[in-house]
Amino acid sequence: MYTTLRKHPYLTLLMCSLFLYLIGNQLLPVTDTAESNYAVTAKEMVLSGDWISPQIYGHYWYDKPIFYYWELALSYALFGFNEMASRLPAALLGSASVLFTYWFTRRVYNEKIGWLSAIILGTSVECWLLSKAIITDTTLFLFMSMAIAFFYLGYAENRRYYYLCYIAAAFAVLTKGPIGLLLPGLAALLFLSYNKDLSEMKHVHLFSGLALFTVITGAWYGLMCYLHGSDFLLNFLGVHNFLRATVSEHPTKNTWYFYLIIYFIGFAPWSFTIPYSLFKKWKRKELDLRNSTNATQLLFIYFAVVNIFFELIATKYTTYTFPGLFSLSILTAILYQNLTLRFEKIGCAAIAIYTILTLFFAPGLMLTRSGKEAGQALAQMDTTGKTIAFLHDYRTSTVFYSGKTIYRAEPADKIDGMKPGTLSWNAKNVMPFIAEEDLFQRDNVILIAQEKSKEPCLVAFKDANKVSEFHIPGLYDLWIRERA
């Protein structure tokens with residue numbers, strides 16, 4: 001059977017990837033906050049019929065560019081608003097990334113290294129997690145990997161590949177923004193500088209390639225500037241690019257060792273043996289980038305650029321360095337190509353472990369980061385004429401599952417300081433607000449809060465007359481005050 005599978009590598013890798021990335025997805029609830037923001041935005045895109053300007057809570061939303069929203073909205077339009085449809089785009093793009101890694105590596109190196117690199121990438125913890133997640137990263141990974149790969153093929157084989165590099169970079173920019181061009185472009189430039197071959201810049205079709213890139217990206221970015229003007233520029237370029245690079249969104253993660261931890265966890269099970277293997281090669285003086293092939297040099301430079309860039313910017317995030325795994329998987333396959341270790345057995349063991357985790361552990365764990373139960377309960381209720389509000393711990397996933405308008409209840413004197421409109425992280429607070437004090441002035445109110453919460457607002461609300469408690473599974477309960 002092993003020989004038969006190796007005779008059909010693309011089919012084998014596709015089947016294994018789809019199995020790993022699709023199995024159990026219907027059991028995994030949409031979590032907060034990142035997944036639910038994407039899910040609600042794509043859902044509103046489908047319901048509103050506006051496939052150009054992303055919206056959330058009925059307001060325009062400039063957190064990310066359009067391409068991933070298109071993927072997710074198309075999945076919803078075809079399969080409905082459910083967990084399987086929510087996770088389908090990432091699974092498909094993750095599988096495509098594994099196949100592309102195999103194709104490129106086999107073409108540039110050989111079949112064995114291509115096979116090993118695909119197994120290493122496809123069974124790494126981070127690739128598995130992100131290929132089941134409702135976020136942009138597998139899409140970005142594929143397009144950025146294509147950009148750097150097609151640059152190399154243009155350099156080494158046929159300069160027509162440079163055009164594919166520009167196209168891939170354009171779709172990367174439509175997925176997450178300027179880094180889709182900046183990081184592959186910087187890596188390519190450093191590679192040419194390292195090899196003292198900057199004269200190749202005369203042949204990369206710079207003007208025609210950038211024109212092609214501009215046509216593809218400008219079709220959406222230009223239209224958004226025309227439709228939304230300074231509001232789009234302030235939020236997308238100002239908040240979600242400039243501010244993210246200069247002001248940490250998650251200060252507790254802003255440590256020098258953050259991405260070192262991400263490497264060991266995200267690239268497991270392959271990460272722990274690499275430092276020792278590299279050390280042994282260094283001791284034997286076998287680590288010399290100058291004597292490596294051009295492809296190996298470019299992959300190393302690309303990996304370094306991705307990791308150094310995100311180490312330098314202020315905001316640290318677990319998925320930011322994921323594009324570097326394209327290089328790391330191939331370089332690891334090169335490092336271990338002569339070992340007798342059966343990578344296929346390790347890959348199969350990883351698939352078995354991931355499947356068990358998905359089916360038996362992940363659903364319960366993810367429910368603790370989701371408002372699914374509250375959303376499903378609200379979806380079954382007649383809430384006509386009722387004000388629904390979350391007390392502080394706002395869950396966008398509850399909005400996704402319920403389809404209801406849900407307010408975020410905060411003290412009146414804090415609300416103005418939390419609303420968006422300036423160059424600050426308040427730009428993410430686009431949900432509708434309601435003052436806690438106003439809740440006591442309304443008769444038909446459903447308040448969502450944790451049962452054990454000691455918030456004064458909840459205590460006062462429960463002490464009020466005609467308040468009934470509705471128990472639901474999970475972290476939250478509903479307190480309902482009917483009209484007197």
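Residues numbered from 1 in each chain as written. Predicted model: local features only at pLDDT ≥ 70, side-chain atom pairs only at ≥ 80, totals over all residues. Heavy atoms only, no water.

Colleague: Break down the overall build of the chain for me, with residues and values.
Modeller: Helix and strand content of the chain: 21 helices and eight strands. Here the C-alpha atoms of the chain give a radius of gyration of 25 Å, agreeing with the 23 Å that 2.2 N^0.38 yields for 484 residues. Expressed along its principal axes, the backbone C-alpha trace of the chain runs to roughly 80 × 50 × 40 Å. A fraction of 75% describes how many contacts in the chain between residues 6 or more apart in sequence connect residues 24 or more apart. Of the roughly 22,000 Å² of accessible surface on the chain, 63% is carried by carbon and sulfur atoms. Each charge class in the chain was averaged separately, 41 positive and 35 negative side chains, and the resulting centres sit 11 Å apart. (Helix = DSSP H or I, 4+ residues; strand = E, 2+ residues; numbered from the N terminus. Rg over C-alpha atoms; globule rule 2.2 N^0.38 Å. Contact = heavy atoms within 4.5 Å. Areas by Shrake-Rupley, 256 points an atom, 1.4 Å probe, with all protein chains shown as cover. Lys, Arg positive; Asp, Glu negative; His and termini not counted. Charge placed at Lys NZ, Arg CZ, Asp CG, Glu CD.)

Colleague: Pulling in residues and values, what's your account of the packing of aromatic side chains?
Modeller: By the definition in use, this model includes 43 aromatic pairs. Relative to Tyr68, the ring of Tyr38 has its centre 5.4 Å away and its plane inclined at 85°; by these criteria the two rings are edge-to-face. In this pair, Tyr38 is assigned in helix α3 (residues 34–48) and Tyr68 in helix α4 (residues 67–79), connecting sequence segments 30 residues apart. The pair Tyr38 / Tyr68 is uniform in exposure class, with both members buried. Centre to centre, the rings of Tyr221 and Phe236 are 5.7 Å apart; their planes meet at 55°, and the pair counts as tilted. With a relative accessible area of 14%, Tyr221 lands in the buried category. (Phe/Tyr/Trp six-rings, centres within 6.5 Å; stacked < 30°, edge-to-face > 60°. Buried < 20%, exposed > 50% of the residue type's maximum accessible area, 1.4 Å probe, protein only.)

Colleague: I'd love a proper account of the side chain of Thr136, names of residues and values included.
Modeller: For Thr136, the position within the fold is in the loop between α7 (125–130) and α8 (137–156). In this structure, Thr136 is in contact with Tyr38, Lys64, Tyr68, Thr175 and Lys176, ignoring residues within four places of it in sequence.

Colleague: Tell me about the pattern of salt bridges, and please be specific about residues and values.
Modeller: Evaluation of the coordinates by the stated rule reveals nine salt bridges. Between Lys64 and Asp63 there is a salt bridge; the shortest N-O distance is 3.4 Å. Residue Arg395 pairs with Asp393 through a salt bridge whose shortest N-O separation is 3.9 Å. One salt-bridge network, in which partners are shared between bridges, spans Asp32, Asp393 and Arg395. (Salt bridge = Lys/Arg side-chain N within 4 Å of Asp/Glu carboxyl O.)

Colleague: Quick one: what's the story with the environment of His228, residue by residue and with numbers?
Modeller: With respect to the helices, strands and loops of the structure, His228 is situated in helix α11 (residues 206–246). For His228, the contacting residues outside a window of four places in its chain are Ser53, Tyr60 and Tyr62.

Colleague: Would you mind going over the nonpolar core in detail, with residue names and values included?
Modeller: Among the nonpolar cores identified, the biggest contains 134 residues, and Phe104, Phe151, Phe267, Phe310, Phe326, Ile406 and Ile448 are the most heavily contacted of them. Here this core gets 13 residues from one element, more than from any other, and that element is α8. Not counting residues within four places of it along the chain, the set of residues in contact with Phe267 comprises Ile120, Ser124, Ile262, Ile274, Leu325, Leu328, Ser329 and Thr332. The next biggest cluster of nonpolar side chains, apart from the first, holds twelve residues, and it includes Leu391, Ala409, Val445 and Trp479. (Core = buried A, V, L, I, M, F, W, Y, C linked by side-chain atoms within 4.5 Å.)

Colleague: Residue-level account of the packing of α8 against helix α14 (residues 294–312), with values.
Modeller: With their axes 11 Å apart at the nearest point, α8 and α14 run at an angle of 150° to one another. Put simply, α8 runs roughly antiparallel to α14. Note on packing geometry: the crossing formed by α8 with α14 is right-handed. Along the contact surface, α8 presents Met144, Ser145, Ile148, Phe151, Tyr152 and Tyr155, while α14 presents Asn294, Ala295, Leu298 and Tyr302. Residue classes in the contact of α8 with α14 are distributed as eight nonpolar, two polar and no charged. (Axes fitted to C-alpha atoms, helices over the stretch in contact; angles between N-to-C directions. Parallel < 35°, antiparallel > 145°, perpendicular 65-115°, else oblique. Left-handed = near helix turned anticlockwise from the far one by under 90°. Nonpolar A, V, L, I, M, F, W, Y, C, P; charged D, E, K, R; others polar.)

Colleague: Please provide a residue-by-residue account of the pairing of strand β3 (residues 387–391), values included.
Modeller: Among the five residues in β3, five count as buried, and that is most of the element. Of the two faces of β3, the one holding Thr387, Ala389 and Leu391 and the one holding Ile388 and Phe390 are both buried throughout. Handedness of the β3-helix α18 (residues 396–402)-strand β4 (residues 407–410) crossover: right-handed. (Right-handed = clockwise from strand over helix to strand, strands pointing away.)

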